[in-house]
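Topology and contacts: notes
The lines below spell out each chain.
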Amino acid sequence: MKVRALLQLSALGMGMLANGIAIAASASLLDVQESVVIAAAPEVVWKAVKDFDNMSWHPAVAATRLTEGRNNERQAVRLLTLKDGARMTEQLREHDDARKVQRYTLLDSPLPVTDYGASIAVAPAGDGGSTVTWQAQFRRKQDAPVDDAAIKTTIRGIFAAGLGHLKQLLEAAQ
């Protein structure tokens, strides 16, 4: 009986330890999400953001150019040139017009991140409007000159600037 109780406690402890290790190993996975409600129909909003080869709706983007594949097809690669001259290379992982969602990964960037995967999705909101959600998961590079909080703030700022500008553009057109 005592042996059985010890084995159960040991198993419980090992399970807690395993969970602790899993939690510690994934603690560096960071998540950022920003959303905006836009007074425009989901179809209108999706039309503005859906093309992988066009990020003109983001105020920091000077140019978008496909370097591989075809627009909105899985594995297409785009090169974003920012207004400050920085460049980012991203690869499309999923494009779903029916669900109004696009998922992509970051292949190369001046941002101190790795394992970066993101999505942008458009969903109906009340009164015929739309909710646009842009989210990403990533890890901060080990040699990054900033901490987790700072890189999350940076990514959140990129998302908020883009979504805010998108809202301004689309609502002004109504």
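Everything in this summary refers to the structure shown in the same document. (Residues numbered from 1 in each chain as written. Predicted model: local features only at pLDDT ≥ 70, side-chain atom pairs only at ≥ 80, totals over all residues. Heavy atoms only, no water.)

**Looking at the overall build of the chain**
A tally of helices and strands in the chain yields three helices and seven strands. Scored against the burial criterion, the 174 residues of the chain give a buried share of 34%. Within the chain, counting contacts between residues at least 6 apart in sequence, those at least 24 apart form 50% of the total. Total accessible area on the chain is roughly 10,000 Å²; 56% of this is exposed by carbon and sulfur atoms. (Helix = DSSP H or I, 4+ residues; strand = E, 2+ residues; numbered from the N terminus. Buried < 20%, exposed > 50% of the residue type's maximum accessible area, 1.4 Å probe, protein only. Contact = heavy atoms within 4.5 Å. Areas by Shrake-Rupley, 256 points an atom, 1.4 Å probe, with all protein chains shown as cover.)

**Description of the side chain of H95**
With respect to the helices and strands, H95 occurs in strand β4 (residues 87-96). Polar contacts involving the side chain of H95 include one to the side chain of D97, which spans 3.0 Å. Among the polar contacts made by the side chain of H95, one reaches the side chain of Q102 at a distance of 3.3 Å. When sequence neighbours within four positions are dropped, the list of residues in contact with H95 reads W46, K50, N72, V101 and Q102. (Polar contact = N/O pair within 3.5 Å; in protein donor to acceptor, adjacent residues only side chain to side chain.)

**Section: helix α3 (residues 148-172)**
When the terminal C-alpha atoms of α3 are compared, their 36 Å separation across 25 residues agrees well with the 36 Å that a helix rising 1.5 Å per residue should span. Of the residues making up α3, those classed as buried are I151, I155, F159, G162, L163, L166 and L170. Looking at the packing, one finds that the buried side of α3 touches β1 (29-38), α2 (42-49), β6 (113-124) and β7 (130-140). At the N-terminal end of α3, a side-chain oxygen is found 3.3 Å from the backbone nitrogen of A149, two or three residues along, and the residue is D147. (Expected span 1.5 Å × (residues − 1).)

**Notes on the sheet that holds β6**
Spatially, β1-β7-β6-β5-β4-β3-β2 is the arrangement adopted by the seven strands of the open sheet, whose pairing is antiparallel. Single-partner strands in this sheet number two, and they are β1 and β2 (61-68). Between one strand axis and the next, the sheet turns by 25 degrees as a mean value, whatever way the strands run. The sheet contact formed by β2 and strand β3 (residues 77-82) spans six bridges and is antiparallel. Bridge pairing in β3 places R65 opposite L79. Packed onto the sheet, α2 meets β1, β4, β5 (101-108), β6 and β7 and runs at close to 150 degrees relative to β6. (Pairing = 2+ DSSP bridges. Axes fitted to C-alpha atoms, helices over the stretch in contact; angles between N-to-C directions.)

**What to know about the nonpolar core**
Judged by nonpolar contacts, the single largest core of 36 residues is most densely connected at Y116, V132, W134 and F138. Counting only elements with at least two residues in this core, the list comes to β1, α2, β3, β4, β5, β6, β7 and α3. Apart from residues lying up to four places away in sequence, V132 is in contact with E34, S35, V36, I38, V45, I120, A121, V122, L163 and L166. (Core = buried A, V, L, I, M, F, W, Y, C linked by side-chain atoms within 4.5 Å.)

**Quick notes on α2**
All of the buried residues in α2 are P42, V45, W46 and V49. In an axial view of α2, the angular spread of the buried residues amounts to 100 degrees, which keeps them on one side of the axis. Structural note: α2 exposes E43 and K47 on the side pointing more than 90 degrees away from its buried face. Packing partners of the buried residues in α2 comprise β1, β4, β5, β6, β7 and α3. (Arc of directions from axis to C-beta.)

**Considerations on the pairing of β6**
When a strand is regular, its side chains alternate between the sheet's two faces. In terms of strand pairing, β5 meets β6 through five bridges, oriented antiparallel. Counterpart to Y104 in the pairing with β6 is A118. Hairpin connection of β5 to β6: four residues between the antiparallel strands. Relative to β7, β6 is paired through ten bridges, and the arrangement is antiparallel.

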